[in-house]
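Listed below, chain by chain, are the residues.
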Amino acid sequence: MATGITETDVWTAADALLLEGARPTIERVRQKIGRGSPNTVSPYLETWFRSLGARIKDPGAFAAPAATPDPVAQAAAHFWEVALAEARAQQEQAHRGRWEELAREEEQLASDAEQLQQREAQLAHREQDLQETLRVATSQLAAAEDRLQAAEQQLRQRDELLKRNQLQLEDARSATQAALAESEKIRAQHAQALEATETRHTAHERRWLNELDSERSAVKRLQARLDEAQAASQQQAAQARKALELEQDQRRQAEQDAQTARAEIQAQQLRQQADQAAANAALAAAREREHSLEARLAAAELRAAESLAQLKGKDEQLGELTRHLMSLARSETAAGQGSAEDPQL
């Protein structure tokens with residue numbers, strides 16, 4: 001606890017540490033006193049350091065022997081002030097350079113973070129575009145499937161119509177064959193009539209001739225009807241063939257349309273895969289950039305730790321210089337005392 005700690009306690013402890021050859025620090029002063037908090041000891045110790053130069057010039061400031069030569073004390077004070085000023089200048093320069101470097105790195109990190117945020121926003125926008133493209137492609141795919149189903153339905157209807165036309169063609173052929181059979185039957189009957197007419201009496205020759213003419217006329221009419229039936233059958237067959245060819249052409253066209261729709265669907269899927277691959281690559285690049293920024297931040301922290309270690313080294317060197325100066329001062333004091341005792345002997 002800081003209760004009871006005064007400036008005199010801190011100054012006394014710092015003087016004792018300096019006389020022992022140790023550099024006074026907050027922790028050493030607290031250990032020397034046996035109590036006190038760093039917040040209480042720190043301002044008193046700073047005041048002690050500020051007044052140290054003037055006190056070094058005072059031979060009685062540390063209760064040192066009165067016979068200490070003034071030149072030695074002045075040299076020690078001068079060395080102390082020079083060393084202290086140099087250490088402080090080096091520390092200030094190192095701190096200033098380090099702070100400037102940290103400020104630049106902080107600005108760079110802020111810029112990189114802003115770029116990363118912009119990149120993430122672009123990726124999010126790109127992802128929305130890809131989702132919209134996927135939705136449109138899905139709707140187009142559904143429409144293409146609907147068109148394909150409609151084309152297949154039309155093909156089935158055309159197949160059924162073709163079957164009906166084929167059945168009609170078969171019926172026409174059957175009717176033609178029946179007409180031909182009827183014609184053959186009529187011809188057979190005509191031949192029988194001719195034979196019956198030849199056996200009749202010559203007295204009925206004129207009548208037979210008249211009947212023969214009638215039969216011939218009937219035969220001609222039947223032949224004409226037969227020719228008309230054959231022509232109608234051939235015309236129906238030609239129409240059926242044309243309808244069949246038309247249906248086959250339409251079926252081939254429908255198959256081509258279906259193949260084109262399938263090709264468009266496959267191309268759309270390939271484009272979607274390419275866009276997805278590009279988005280994944282951009283996201284991987286952004287993550288790699290983030291890892292690089294983290295590595296740079298770790299390196300900056302490592303350099304800061306190294307700077308602190310260097311500052312601690314400077315503090316130890318300063319303490320060593322202080323101990324050396326105090327040792328020189330003691331040596332000069334001892335030498336002065338020896339010189340003062342020689343005349344008495």
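For the structure, see preceding data.
**Q** Quick question: what am I supposed to make of the overall build of the protein here?
**A** The helix and strand inventory of the protein stands at 6 helices and 0 strands. What you see in the protein, going N to C, is helices and strands ordered as α-α-α-α-α-α. Evaluated residue by residue, the protein yields a buried proportion of 23% over its 345 residues.

**Q** Can you walk me through the nonpolar core in this structure?
**A** Here is a general trend for soluble globular proteins: nonpolar side chains tend to be buried in one another's company. Among the nonpolar cores identified, the biggest contains 14 residues, and Val10, Val29, Ile33, Leu45, Trp48, Phe49 and Leu52 are the most heavily contacted of them. Elements supplying a minimum of two residues to this core: helix 1 (7–19), helix 2 (26–33), helix 3 (38–50) and helix 4 (52–57). For this core, the leading source of residues is helix 1, giving 5 residues.

**Q** How should I be thinking about the packing of helix 1 against helix 3 in this particular structure?
**A** Where helix 1 meets helix 3, the axes come as close as 9 Å, and the angle between the chain directions of the two elements is 60 degrees. On the basis of their axis angle, the class for helix 1 and helix 3 is oblique. Considering only the axes of helix 1 and helix 3, their crossing is right-handed. Here helix 1 contributes Glu7, Val10, Trp11, Ala14, Asp15 and Leu18 to the contact with helix 3, which in turn contributes Val41, Tyr44, Leu45, Thr47 and Trp48.

**Q** Please explain the environment of Pro24 as it appears in this structure.
**A** Topologically, Pro24 is positioned in the loop between helix 1 and helix 2. Here the alpha-carbon distance between Pro24 and Ala13, two residues 11 residues apart in the chain, equals 8.2 Å. In contact with Pro24, other than residues within four places in its own chain, are Ala14, Leu17, Leu18, Leu45, Trp48 and Phe49.

**Q** Even after reading the chapter, I still don't get the pattern of salt bridges, so can you show me in this structure?
**A** If charged atoms from side chains of opposite charge come close, those side chains can pair. All chains considered together, the criterion is met by 13 salt bridges. Close ionic contact of Asp112 with Arg296 constitutes a salt bridge, the shortest N to O distance being 3.5 Å. In this pair, Asp112 is assigned in helix 5 (residues 70–199) and Arg296 in helix 6 (residues 205–341), connecting sequence segments 184 residues apart. Taking relative accessible area as the criterion, Asp112 reaches 2% and is therefore assigned buried. Salt bridges here are not isolated pairs; linked through shared partners, they connect Glu101, Glu105 and Arg303.

About the cut-offs
Residues numbered from 1 in each chain as written. Predicted model: local features only at pLDDT ≥ 70, side-chain atom pairs only at ≥ 80, totals over all residues. Heavy atoms only, no water. Helix = DSSP H or I, 4+ residues; strand = E, 2+ residues; numbered from the N terminus. Buried < 20%, exposed > 50% of the residue type's maximum accessible area, 1.4 Å probe, protein only. Core = buried A, V, L, I, M, F, W, Y, C linked by side-chain atoms within 4.5 Å. Axes fitted to C-alpha atoms, helices over the stretch in contact; angles between N-to-C directions. Parallel < 35°, antiparallel > 145°, perpendicular 65-115°, else oblique. Left-handed = near helix turned anticlockwise from the far one by under 90°. Contact = heavy atoms within 4.5 Å. Salt bridge = Lys/Arg side-chain N within 4 Å of Asp/Glu carboxyl O.

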